Structure formats: C-alpha cells, structure tokens
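Listed below, chain by chain, are the residues.
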Amino acid sequence: MEKILLAILAEMNLAVDFSGEKNLIDDGILDSFDIIALVGELNDAFDIDIGVEHLLPENFNSLEAIMNLVKKLQAER
Amino acid sequence: MPVTTFAFLLFVSLTLLVYFIVPQKYQWVVLLFASYFYYASAGGKLVVFLIFTTIITYLAGLFLAAARDRKKRKLILAAALFFVFGLLAFLKYYNFVARGLNILLAKLAVFSLPQFKILLPLGISFYIFQAAGYVIDIYRGKYPPERNPAKFALFVSFFPQVIQGPISRYDQLAPQLYGGHGLDYDRLKYGIQLLLWGYCKKIIIADRAAVLVNTVFDNYRQYPGSIVAVAVCFYCLQIYCDFSGGIDIVRGIAQAMGIDLVQNFRRPYFAASLADFWRRWHISLGEWMREYLFYPLSLSKPFFRLGKKTRGLIKGKAGKIIPTSLASFIVFFTIGIWHGANLKYIAFGLYNGLIISASIIITPYFTRLLEKVRIDPHVRLWIVVRIVGTNLLVFLGRYFTRGASLKAALAMLRQTVFAFHARALTGGTLWTLGLSRLDFCLVVVGGMVILILGYLQEKGMAIRKTLEQKHWLLQWLVLMVVLVALVWLGVYREGYIASEFIYQQY
C-alpha cells in the first residue's frame, strides 16, 4: 500500500519529502486543492469513499496517517 | 460605542478589571454580560437577531445529538441552516432582489414588492458563520453539543470578536472562554501591544488614507487615471489597515484575557498568487469556506460524477482538476456576493473566481513550461515577479469593492488604462485631495513601515519577542513613541466621525 501511496504522491508532483513529513496539513504543505486531488486519487486507487468528515488534519498529516485512514475505510467497506 | 472611542477603552478596561477580580469559574459570566452589554449598546434592538441565531443553533446542536436517524439529522441541519442563512440573506439581499423583481413585475403590471429600510446588525455575518459552523460540526460528529445555553450564548456573542470576527471554531474557542484565566503579566503586555499596534494601523494610517480615497472615489470623473490609481493604492492600504488593525485590537483584548483568537491575516501583500492571497487575507473566512463549502462541494456526488466525465473527455491533469476548479469558482463567487447585494460584488466574485479556477487548470502546464525554459520557480527574482503580479491583480479587484457601483468601477478602470496622464502626479493635484503633504507622507511612510515589518516577519522574526530582548529603555521608548503617535497623529479632525470599521457592516 505504501508503494502505491508514494506513487500517487509522486505523480502529484508536490515536491515534498513525504516519508519524513509529520505535519503536512498543520504546516500548510498540502493545501485544500492538493487534498481534494489526493482524495480523488485515493478513492480510485483503493476503492474507498473518503467523505468530508474524514478531512481532518490528523488523517492527512503524515504518510502513516493517510495509510491508517485508507486501511480503516477499507475495513469498513 | 465605536472601538476607536474613549468610551470603548473605558469599557474594555472595566471588563478586564472585573474579569480578573471575580473567581475564575465565573469569568465566563462576566464575559457574557460584557458581550451583551456591548452588543446592546452598539446594535440596540438588533440584538434580537443575535438572540435568534443563538437559540436556533443551540437547539439544533441538542436535537442533532439526540437524533440517531440519518434523514432526521439531515433535516435538522438543513432547517437550522435555512433559518440562520435565510435571515442573513433576507437582511442583506431582500431590497436588491425586490428591486430587480419589481422591474419585471412592472412590465407585467401586477403588484410590486415593498422596499424596507433594513439596518444590517453589527457583525451579523461573523456570528452567523461561527454559529452555523458549530451546527455543521455537531452534525459531522466532531464534538458533543454545548448543553448550557448561557455558555453557548457567550460563544456566539463574545464581544471583541462579534464586531468583525475572526470567525472561530467552537472546539478552539469554547474551552478558552469557559476555562478560567489568572492575570498573566506577559499575556497582558502582549495583548496591549497588539491592541496599540491595531489602533496605529486604524487611526494613523487607515482613517487618514480614507480622506484621500473618499475624495477621489466620490468625484472620480474629475480626476485623471493616475490620480485614480493613487486612490486605489491608498484604498488597498486603507482596507488592510482598517480590517487587520481592527482584528489586532480584537485579538489584543482577547489575549489580555488569556484567550487566543485565530489569526486572520498573514501578510497578504507577500502572496505569490491570488489563491495564496486569499489564504493570507481574512483567513478565518477562507477556512470557514473551505471546511463548509469547498470540501463538501468537491466531495459531493454531482462533483464526483462530473470528475469522471471530465477525466473521460480530457486526458491528463486538467481533466482531473476541473471539478476542483469549479468548486473554487463557486467559493470565490460566494465570497464576492457575501460582501453585499450589488452588481459590483458579483463582478468581484466572478473576477476572483475566474482567475483562481483558471489558474488551477493552467498551473500544471505552466510548471512544465517553466521547466522547459529552465526557470527555477524558487529563484528570488521569479518570486518577486509573482508577488508584484499578485498585488496588481488585487489592486484591480479593489476598483470593484470600493467603486460606488459597477459602472463607476469600470469607468475608473477605463480612466486608469486609457487616460492615465502621469503628469498629474507631479502637478500638485495630489495635495488637493483632502490630505496635507505631511498627512500624505505619513500614509506612505506608514505603508512602508508595515511592509518592512511584514518582510521581517516573513523571514521568521517574532517582532514583539525580539523587542523584548532589547534594553528596557528601548522597550519603553518604543511604547512611548507609539502612544504619542496615537494621540498626536490619530485623525481627530472636525466633521470626522470616530470611524467604524469597513468590515463590521458585512
């Protein structure tokens, strides 16, 4: 999963070192346009349905947080 | 009780005194009384709208927490939003819509809609947005509702911020409002410093710039394009100092009480794109729009379906980002018409919405173009070019927000472009616009001080903390200079009304 996620983030061309970043949202590294683009990609790649209620900083602040969200939504499916 | 009067300062001082005397568990009660006293004295009978909004959103929170059924919860949310935004829409747009409909009805020769003399209650948008955000958060299950109606009433009416924001979120503000705060010397000091800085921006720069701005905008036909352009520049400075100065005063008062309100400005004139500008200007409104309009729209089923279609039709990134671009357009258009019922605000919304949504689509292609021509987007000169370009776009947008009407704004733009007459700038006209040479220079110097301090902050300097490390004599000297400047340079001329803030009428 991590590989797919990294590929998605690389494809988005955001020039950020995602493996080390822990405050993607709180530090404003990902803006709202990036978030929506990322959500679209995640929904397609993992066949999940990320809703408004999931758009919390703690779900997108790091690679690990994003993976946890994807796993949680996959389990709920 | 305008914020720039002695009565207001006396009221704030008394509130602070009582706030720190009473036991900490009753401090929120002091704030509630002070808030309602302030609102009633500033808004009179219009306090009923504040009470109405409080009751509707308080009950909606409780009902949402009790309801389990999804449909019922949706209905409660929709009803609450309908009532509060319906109230806002009625007060703001009724006369505008009725006038438009009456033209139509006159042609059909049926009845006509009456026009009302509507006074917009002080800060109505700000407390409605704040209260509506609370209801949506409860609906989304972010936190449990506030059960104490008096505590909730304080969250909606908290007196410094009820004037013109910042729009706070319940989970950020409420714990600070209800928890007690002991007198903290540093907080008090920082708060007073911020308050003084806010007053400097408001009464030394904004109110002074306003004199020239009003003269030119009220008689724009008499002036060549170059003078109009100077007036728009002054207006850019005026509105920044007026709004951000007001917010500094509000945040300063709250900070003295031990309450941190969210930031509303982050040096917008250093923005490198129009989207970046709106992330630095009126931040709390931008965040509100993002949370409660942009995200829900972008993730809604119709937008999802649209995304699928556009991806099928257009290959590459553009196909993917068209829905985001459309959602941004809707957000900026909404912000435009939120400013008021007038064609000029519709034009302002379209202007910002179109530029930003187009730039979202263009950006990936533009980045590729830069790579091809080997321009490093991080190089300083390129960033400066972008900042200047952004300021130019903002400057053009200001013709619409300050122009008396859309027609006037377009005429002024025409003058600036086609009848600039640069010579007028040195011909002495500048000194006939209501400001003496000294006042004019003060505004310019004030603007430069703001730019320099902003630049230092952009570089990461914490101005107040840096000052604190200097010799105590220097610290006192700075404080004294600011105080003397305020008393001496504040605009208190005859016929001058202790001025209100531009944004409090929104």
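Whatever comes next refers back to the structure up there.
Residues numbered from 1 in each chain as written. Chains lettered and ligands numbered in written order. Predicted model: local features only at pLDDT ≥ 70, side-chain atom pairs only at ≥ 80, totals over all residues. Heavy atoms only, no water.

Enquirer: Now, about the overall build of chain B: what can you tell me, with residues and values included?
Expert: Helices and strands together make up the secondary structure of chain B, namely 20 helices and 0 strands. Against the globule reference of 23 Å for 506 residues, chain B gives a C-alpha radius of gyration of 24 Å, in line with a compact fold. Based on the C-alpha atoms only, the size of chain B along its principal axes is roughly 70 × 70 × 60 Å. Burial status across chain B gives 51% buried among its 506 residues. Within chain B, counting contacts between residues at least 6 apart in sequence, those at least 24 apart form 76% of the total. Total accessible area on chain B is roughly 24800 Å²; 69% of this is exposed by carbon and sulfur atoms. With 54 positive and 21 negative side-chain charges, chain B shows a spacing of 11 Å between the two charge centroids. (Helix = DSSP H or I, 4+ residues; strand = E, 2+ residues; numbered from the N terminus. Rg over C-alpha atoms; globule rule 2.2 N^0.38 Å. Buried < 20%, exposed > 50% of the residue type's maximum accessible area, 1.4 Å probe, protein only. Contact = heavy atoms within 4.5 Å. Areas by Shrake-Rupley, 256 points an atom, 1.4 Å probe, with all protein chains shown as cover. Lys, Arg positive; Asp, Glu negative; His and termini not counted. Charge placed at Lys NZ, Arg CZ, Asp CG, Glu CD.)

Enquirer: Which residues make up the overall build of chain A, and what values do they have?
Expert: Summing up its helical and strand segments, chain A has 4 helices and 0 strands in all. Written out in order from the N terminus, the α and β elements of chain A read α-α-α-α. Relative to its length of 77 residues, chain A is compact, with a C-alpha radius of gyration of 11 Å against a globular reference of 11 Å. The principal-axis extent of the C-alpha atoms belonging to chain A is close to 30 × 25 × 20 Å. Counting the 77 residues in chain A, one finds 49% classified as buried. Nonlocal contacts in chain A, meaning residues at least 24 apart in sequence, comprise 58% of its contacts between residues at least 6 apart.

Enquirer: Help me get a handle on the interface of chain B and chain A, residues and values and all.
Expert: Every contact between the two is made by 18 residues of chain B and, on the other side, 17 residues of chain A. Taking both sides of the interface into account, the surface hidden between chain B and chain A amounts to around 1500 Å²; carbon and sulfur atoms contribute 67%. Taken together, the links from chain B to chain A amount to 2 salt bridges. Across the salt bridge formed by Asp-44 of chain A and Arg-311 of chain B, the nearest N and O atoms sit 2.5 Å from each other. (Buried area = accessible area lost by both parts, 1.4 Å probe. Salt bridge = Lys/Arg side-chain N within 4 Å of Asp/Glu carboxyl O.)

Enquirer: Please give an account of the packing of aromatic side chains that cites residues and values.
Expert: All names here are of chain B. Scanning the entire structure with this criterion turns up 46 aromatic pairs over all chains. On the basis of an interplanar angle of 90 degrees and a centroid distance of 6.0 Å, the ring pair of Phe-126 and Trp-338 is categorised as edge-to-face. One end of the pair, Phe-126, is in helix H5 (residues 124-139); the other, Trp-338, is in helix H14 (residues 317-338), with 212 residues separating them in the sequence. A single burial state applies to Phe-126 and to Trp-338, both of which are buried. Relative to Phe-333, the ring of Phe-329 has its centre 6.1 Å away and its plane inclined at 10 degrees; by these criteria the two rings are stacked. Here Phe-329 and its partner Phe-333 are both found in helix H14, 4 residues apart, which amounts to about one turn of the helix. Through successive ring pairs, a cluster of aromatic residues spans Tyr-240, Phe-243, Phe-265, Tyr-269, Phe-270, Phe-277, Trp-278, Trp-281, Phe-332, Phe-348 and Tyr-455. One residue, Lys-189, lies across the ring of Tyr-190, its end atom 5.6 Å from the ring centre. (Phe/Tyr/Trp six-rings, centres within 6.5 Å; stacked < 30°, edge-to-face > 60°. Lys NZ or Arg CZ within 6 Å of the ring centre and 35° of its normal.)

Enquirer: Give a description of the side chain of Asp-137 of chain B that names residues and reports values.
Expert: Residues and elements named next belong to chain B. Here Asp-137 lies in helix H5. Given the relative accessible area of 0%, Asp-137 is considered buried. Once you skip the residues sitting within four places of it in the chain, Asp-137 turns out to touch Lys-142, Tyr-143, Arg-169 and Tyr-292.

Enquirer: Break down helix H10 (residues 225-256) of chain B for me, citing the residues and quoting the values.
Expert: Residue and element names in this part refer to chain B. An ideal rise of 1.5 Å per residue puts 46 Å on 32 residues; H10 measures up with 46 Å between its terminal C-alpha atoms. Here H10 lies mainly inside the structure; 29 of its 32 residues are buried. In the stretch just after H10, Gly-258 is the one whose phi turns positive, near 95 degrees. (Expected span 1.5 Å × (residues − 1).)

Enquirer: Provide a residue-level description of the packing of H10 of chain B against helix H16 (residues 380-402) of chain B, including the pertinent values.
Expert: All names here are of chain B. It is at 9 Å that the axes of H10 and H16 come closest, and there the two elements cross at 85 degrees. One element, H10, and the other, H16, form an angle in the roughly perpendicular class. Contacts between H10 and H16 involve Val-228, Ala-229, Val-232, Cys-233, Tyr-235, Cys-236 and Ile-239 from the first element and Phe-395, Arg-398, Tyr-399, Thr-401 and Arg-402 from the second. Taken together, the residues of the contact of H10 with H16 sort by class into 9 nonpolar, 1 polar and 2 charged. (Axes fitted to C-alpha atoms, helices over the stretch in contact; angles between N-to-C directions. Parallel < 35°, antiparallel > 145°, perpendicular 65-115°, else oblique. Nonpolar A, V, L, I, M, F, W, Y, C, P; charged D, E, K, R; others polar.)

Enquirer: Which residues make up the state of the cysteines, and what are the values?
Expert: With the rule as written, the count across this model stands at 0 disulfides over all chains. Just so you know, Cys-236 of chain B is unpaired, no disulfide at all, and the nearest cysteine sulfur is the one on Cys-233 of chain B, 6.1 Å from it. (Disulfide = S-S within 2.5 Å.)

Enquirer: Lay out the environment of Gly-40 of chain A in plain terms, naming residues and giving numbers.
Expert: Position of Gly-40 of chain A relative to the elements: it lies in helix H2 (residues 32-46). With 10 residues separating them in the primary sequence, Gly-40 of chain A and Ile-50 of chain A have C-alpha atoms 8.5 Å apart.

Enquirer: Describe the pattern of salt bridges, listing the residues and the values that go with them.
Expert: Residues and elements named next belong to chain B. Scanning the model with the defined rule gives 17 salt bridges over all chains in all. Here Glu-291 and Arg-140 are joined by a salt bridge, their closest N and O atoms 3.9 Å apart. In this pair, Glu-291 is assigned in helix H12 (residues 283-298) and Arg-140 in the loop between H5 and helix H6 (149-157), connecting sequence segments 151 residues apart. Relative accessible area serves as the criterion here: at 8%, Glu-291 is assigned to the buried category. On the accessibility criterion, Arg-140 (18% relative accessible area) is buried. Through salt bridges with shared partners, one network takes in Asp-137, Arg-140, Lys-142, Arg-290 and Glu-291.

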